[in-house]
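If you want the building blocks of each chain, they are given just below.
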Amino acid sequence: MAGEPVEFRALIRQVTYAAKRVSAELRVAGLQGMLGGTGRTNVQGEAVQQLDAYANGTFVNNLLRSPAISDLVSEEMAEGMHLAQHSRGKYALLFDPIDGSSNLDANLAVGSIFSVRAPRDVLATGRTQIAAGYVMYGPATICVLAIPKYGVNLFTYEPTIGEFMFTRGPLTMPSEGRSYGVNDANESGWSPRVREFVDWLRGPAAHSTRYSGALVGDFHRILVGGGVYLYPGDSRYPAGKLRLLYEGCPLAFIAECAGGRAVSEECDILDIVPAQIHQRTPLIIGSRAEVDRFLPADR
Ligand code: AHM
Ligand code: MG
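Description of the structure in this document. (Residues numbered from 1 in each chain as written. Chains lettered and ligands numbered in written order. Predicted model: local features only at pLDDT ≥ 70, side-chain atom pairs only at ≥ 80, totals over all residues. Heavy atoms only, no water.)

Counting 36 residues, the largest nonpolar core has L11, L63, L72, L93 and F95 as its most contacted members. Those elements that place two or more of their residues in this core are α1 (6-28), α2 (50-63), β3 (69-74), β5 (91-99), β6 (110-117), β7 (131-137) and β8 (141-147). Among the elements that take part in this core, α1 stands out by supplying eight residues, more than any other. Setting aside anything within four residues of it in sequence, one finds L63 in contact with Q14, V15, I69, L72, L93 and F95. Counting residues in each nonpolar core, the second largest holds 34 residues, with M136, V144, I269 and L283 among its members. (Core = buried A, V, L, I, M, F, W, Y, C linked by side-chain atoms within 4.5 Å. Buried < 20%, exposed > 50% of the residue type's maximum accessible area, 1.4 Å probe, protein only. Helix = DSSP H or I, 4+ residues; strand = E, 2+ residues; numbered from the N terminus. Contact = heavy atoms within 4.5 Å.)

Let us now look at the coordination of the magnesium ion (ligand 2). Coordination of the magnesium ion (ligand 2) by the protein involves D96 (OD), D99 (OD) and E247 (OE), with metal-donor separations of 1.8 to 2.4 Å. Counting the intervening residues between successive donors of the magnesium ion (ligand 2) yields the motif D-x2-D-x147-E. Of this pair, D99 sits in strand β5 while E247 sits in helix α5 (residues 244-257), and the two are 148 residues apart along the sequence. Residues D99 and E247 agree in their burial class; the two are buried. (Donors = N, O, S within 2.8 Å, 3.2 Å for Na, K, Ca; no water.)

So, on to the site of ligand 1. Around ligand 1 there are 19 residues in total, and G100, Y211, L215, Y229 and Y231 lie nearest to it. At 2.7 Å from an oxygen atom of ligand 1 is found a main-chain nitrogen or oxygen belonging to G100. If ligand 1 stood free it would expose 470 Å²; the protein chains cover 87% of that surface. Going through the elements one at a time, β5, β13 (228-231) and β14 (242-243) are the ones with two or more residues in the shell around ligand 1. Among the elements that line the shell around ligand 1, the one with the most residues is β5, at three residues. Of the residues that constitute the shell around ligand 1, the class distribution is seven nonpolar, four polar and eight charged. (Near = heavy atom within 4 Å. Polar contact = N/O pair within 3.5 Å; in protein donor to acceptor, adjacent residues only side chain to side chain. Areas by Shrake-Rupley, 256 points an atom, 1.4 Å probe, with all protein chains shown as cover. Nonpolar A, V, L, I, M, F, W, Y, C, P; charged D, E, K, R; others polar.)

All right, on to the pattern of salt bridges then. Here the idea is simple: oppositely charged side chains can pair when their charged atoms come close. Per the counting criterion, the structure on display carries 14 salt bridges. Of the charged contacts, one joins R243 and E75 as a salt bridge, the two residues approaching to 3.4 Å between their closest N and O atoms. Separated by 168 residues along the polypeptide, R243 in strand β14 and E75 in the loop between β3 and β4 (81-82) bring together distant segments of the chain. For R243, a relative accessible area of 3% gives the class buried. You can call E75 buried: its relative accessible area is 5%. (Salt bridge = Lys/Arg side-chain N within 4 Å of Asp/Glu carboxyl O.)

Right, here's the structure in full:
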């Protein structure tokens with residue numbers, strides 16, 4: 001990132017600093033009474049966990065320090081936040097502070113997802129993203145960062161010195177894989193096309209099921225090993241469950257940067273023009289072979 005503007009490097013530093021604080025809190029949350037819910041629901045009607053609130057506050061407080069950031073959009077905030085004191089900031093940061101919150105109480109992997117845009121592009125297509133990444137809090141805390149000029153690179157957190165160290169990259173997603181991830185309890189509410197696709201994955205394509213309940217973990221498995229993750233529309237969530245701006249778009253940007261693909265049930269995720277900040281989308285993401293089979297690229 002040596003050639004990037006100093007403001008961009010400062011922004012990434014603030015994001016990774018917030019992630020280090022979250023990583024530290026996750027490690028002791030069970031000892032600090034920080035597991036379990038807050039008793040509140042967020043704008044999406046989902047129960048807010050104590051760690052969702054902690055992580056959101058940690059990201060916001062750190063990002064407020066960066067004059068480069070003029071706008072924040074978070075899964076945990078009903079409205080976007082415009083920082084009048086940084087109105088000349090070049091960037092908007094859109095983020096999901098804790099992805100996979102239902103894994104928290106079971107001490108399973110969770111993540112944070114982020115997307116960097118110009119402030120004027122918050123409601124433009126995902127192709128306008130400047131960079132995107134995620135942090136996965138698993139056995140190791142890792143950060144995957146996609147910047148078109150450098151590709152997709154992986155950094156591992158070294159807690160004894162408190163730094164994310166370059167580990168490998170640029171990463172290329174395998175063109176096909178052997179596993180798929182979907183919540184098959186929703187099968188009765190899927191469209192015939194989704195059912196047919198999952199039948200193909202289970203049958204002729206002989207994929208194994210791998211579904212952890214945290215998109216970041218399931219996507220990361222596919223980034224390194226190939227395959228496909230899907231959360232299609234169903235009868236409970238006709239427009240899909242996942243959010244376009246801070247889940248679908250950043251992961252689609254990373255997938256494309258690594259040679260993979262991400263689609264809704266109609267088009268490429270990065271071609272969708274968002275109507276509002278908490279918009280949901282179906283998401284089918286992963287290796288080209290599987291995603292092209294679901295929605296041919298030349299359709
Ligand atoms: P969250 O950001 O509120 O945790 O919701 C997103 C999560 C994804 O990480 C995960 O893939 C999906 O929701 C799991 O949903 P379900 O429990 O319906 O399978
Ligand atoms: Mg999420």
